[in-house]
Amino acid sequence: MEKIKRNFGFGCMRLPMQGEEVDLAQTKQMVDEFLAQGFNYFDTAHGYIGGRSETALRTCLTSRYPRESYVLTDKLSGGFFETEADIRPFFARQLAACGVDYFDFYLMHSQNAENFQQFKACRAYETAFDLKAEGKIRHVGLSFHDRAEVLDRILTEYPQIEVVQIQFNYLDYDDIAVQSRKCYEVCRRHNKPVLVMEPVKGGNLVNLPKDAAAVLESLHGGSPASYAIRFAAGFPGIMMVLSGMSNMQQMQDNLSFMRDFQPLNDTERAAVSKVVEIFRKQNLIPCTACRYCVDGCPQQIAIPDLFAIMNTKNIHHDWNADYYYEDVHTRPGTRASDCIRCGRCEQICPQHLPIRKLLQDVAKEFEK
């Protein structure tokens, strides 16, 4: 942890794209800018961008900079192993994909009550601790999407865990489903440094409803993202806040307020509370567009895109959302009404959303 220079990290789940491929030229520019400004923490996983995130980092970061100049986090995802014997070969493939011979942090990915049983049965934690002893991992941690009591159980069973990555933002802070605050408090009780994911909730805290945006604009300060990221970074024990930056403008904005980080003051905190109140009245779908649900959908329904369109319709009440539904994000066989209700999406959703029911609502709205 001693290598980390700043409390702000480059999340590599939403890199700039050109069609289906990562825009490597722009990603290189962003990596260069990030390091030049004194930041050095990068976070990836094998499943991000259909396997392209790790290889993009090899092209744009690890093949171009000395190993000691950056901190790299990768993850063990449950979909990529079925037995204990699968884990080491998969780990070796990740090292090769990233072009490194060790990871600074290696996280048991997206832990919840259900997949924790798989990780335990396959001795995934023990394997990671062994790889640490062999020098191939510097620090073992976990990323987490479930109730606080489940996190407490995992940290009690595996006290050797060194860091915990949780979803933490001002909208989810007291949310009943996500339990950001309660999970944070569990980390503090177990004395584990916290890594923050989704500080802007998949862009929901950037593209605000008009009246919510007006509240933050009245502060005459920074961008909506600045208040969300500074909120998350301002708590004791928060070691790192990750931002999934998709273009150079987003990165430059983020770096501008994290270079000389200041926590929110009382006026700013009050404004953020007002924004939460406005959101609560909007009845929006709290999807973060992580896209885990899309990978397993037998109908290939673009679930996060359809939820985003539904939210847009609720906020702006205009024809634009209908156009995007019909002409951009659906085609025959992939409309909301084509859901076969298999439930795979709900099993993997970090937000525990009732996706099948929500898709019915979307169909009702757009397929009249």
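Just so it is clear, the model here is predicted, and its values are computed rather than measured.

J.: Sorry if this is basic, but what is going on with the environment of Tyr173 here?
T.: Mapped onto the elements, Tyr173 comes out in the loop between strand 8 (163–167) and helix 7 (180–189). For the pair Tyr173 and Lys5, spaced 168 residues apart in sequence, the C-alpha to C-alpha distance is 27 Å. In this view, Tyr173 contacts Phe168, Ser180, Arg181, Phe231 and Phe235; residues no more than four positions away in its chain are not counted.

J.: Looking at this structure, how should I read the nonpolar core?
T.: Within soluble globular proteins, side chains that are nonpolar generally end up buried alongside one another. Grouped together as the largest cluster of nonpolar side chains are 96 residues, with contacts concentrated most on Phe10, Phe42, Tyr125, Leu142, Leu151, Ile166 and Tyr170. Among the elements that line this core, the one with the most residues is helix 9 (residues 224–233), at seven residues. Once you skip the residues sitting within four places of it in the chain, Phe42 turns out to touch Phe10, Cys12, Val31, Phe34, Leu35, Leu57, Leu61, Tyr70, Val71, Leu72 and Thr73. Formed by 23 residues, the second largest nonpolar core is a distinct cluster that contains Ile309, Ala336, Cys349 and Leu358.

J.: Would you mind going over helix 4 (residues 113–121) with me for this structure?
T.: Because an α-helix completes one turn every 3.6 residues, residues spaced three or four positions apart along the sequence face the same direction. Turning to helix 4, its buried residues number three or more, namely Asn115, Phe116 and Phe119. One face of helix 4 carries all of its buried residues, which in axial projection span an arc of 115 degrees. For helix 4, the exposed residues set more than 90 degrees away from the buried face come down to Glu114 and Ala121. Capping the start of helix 4 is the job of one residue whose side-chain oxygen sits 3.0 Å from the backbone nitrogen of Glu114: Asn112. Just beyond helix 4, the residue with positive phi is Arg123, at close to 55 degrees.

J.: Quick question: what am I supposed to make of the side chain of Thr288 here?
T.: For Thr288, the location among the structural elements is in the loop between helix 11 (266–282) and helix 12 (292–295). Apart from residues lying up to four places away in sequence, Thr288 is in contact with Arg14, Gln167, Glu198, Lys201, Gly202, Asn204 and Gln351.

J.: Mind showing me how you'd approach the pairing of strand 8 here?
T.: Put simply, side chains in a regular strand alternate between the two faces of the sheet. Of all five residues making up strand 8, five are buried, and the element is well covered by its neighbours. Of the two faces of strand 8, the one lined by Val163, Gln165 and Gln167 and the one lined by Val164 and Ile166 are each fully buried. Where strand 7 (residues 137–144) and strand 8 come together, four bridges link them in parallel fashion. If you follow Phe144 over to strand 8, its bridge partner there is Ile166. After leaving strand 7, the chain enters helix 6 (residues 148–157) and then returns to the sheet as strand 8, a path that is right-handed. Here strand 8 runs beside strand 9 (residues 194–197); their pairing, made up of four bridges, is parallel. Paired with Val164 across the strands is Val194, a residue of strand 9. In this view, the connection linking strand 8 to its parallel neighbour strand 9 by way of helix 7 has right-handed handedness.

J.: Before we go on, may I ask you to explain the pattern of salt bridges in this structure?
T.: A side chain with one charge can pair with a side chain of the opposite charge if their charged atoms come near. Within this structure, the stated rule accounts for 26 salt bridges. Residue Lys3 is joined to Asp104 by a salt bridge in which the shortest nitrogen-to-oxygen separation is 3.1 Å. Linking Lys3 in the segment before strand 1 (8–11) with Asp104 in strand 6 (residues 103–111), this pair joins segments that are 101 residues apart in sequence. The buried category is assigned to Asp104, whose relative accessible area is 4%. In this structure, Lys313 and Glu365 form a salt bridge, with 3.1 Å as the shortest nitrogen-oxygen distance. Highlighted residues: Lys313 in helix 13 (residues 303–316) and Glu365 in helix 16 (residues 355–366), separated in sequence by 52 residues.

Definitions and limits used
Residues numbered from 1 in each chain as written. Predicted model: local features only at pLDDT ≥ 70, side-chain atom pairs only at ≥ 80, totals over all residues. Heavy atoms only, no water. Helix = DSSP H or I, 4+ residues; strand = E, 2+ residues; numbered from the N terminus. Contact = heavy atoms within 4.5 Å. Core = buried A, V, L, I, M, F, W, Y, C linked by side-chain atoms within 4.5 Å. Buried < 20%, exposed > 50% of the residue type's maximum accessible area, 1.4 Å probe, protein only. Arc of directions from axis to C-beta. Polar contact = N/O pair within 3.5 Å; in protein donor to acceptor, adjacent residues only side chain to side chain. Pairing = 2+ DSSP bridges. Right-handed = clockwise from strand over helix to strand, strands pointing away. Salt bridge = Lys/Arg side-chain N within 4 Å of Asp/Glu carboxyl O.

Worth remembering: the numbers are spatial, not functional.
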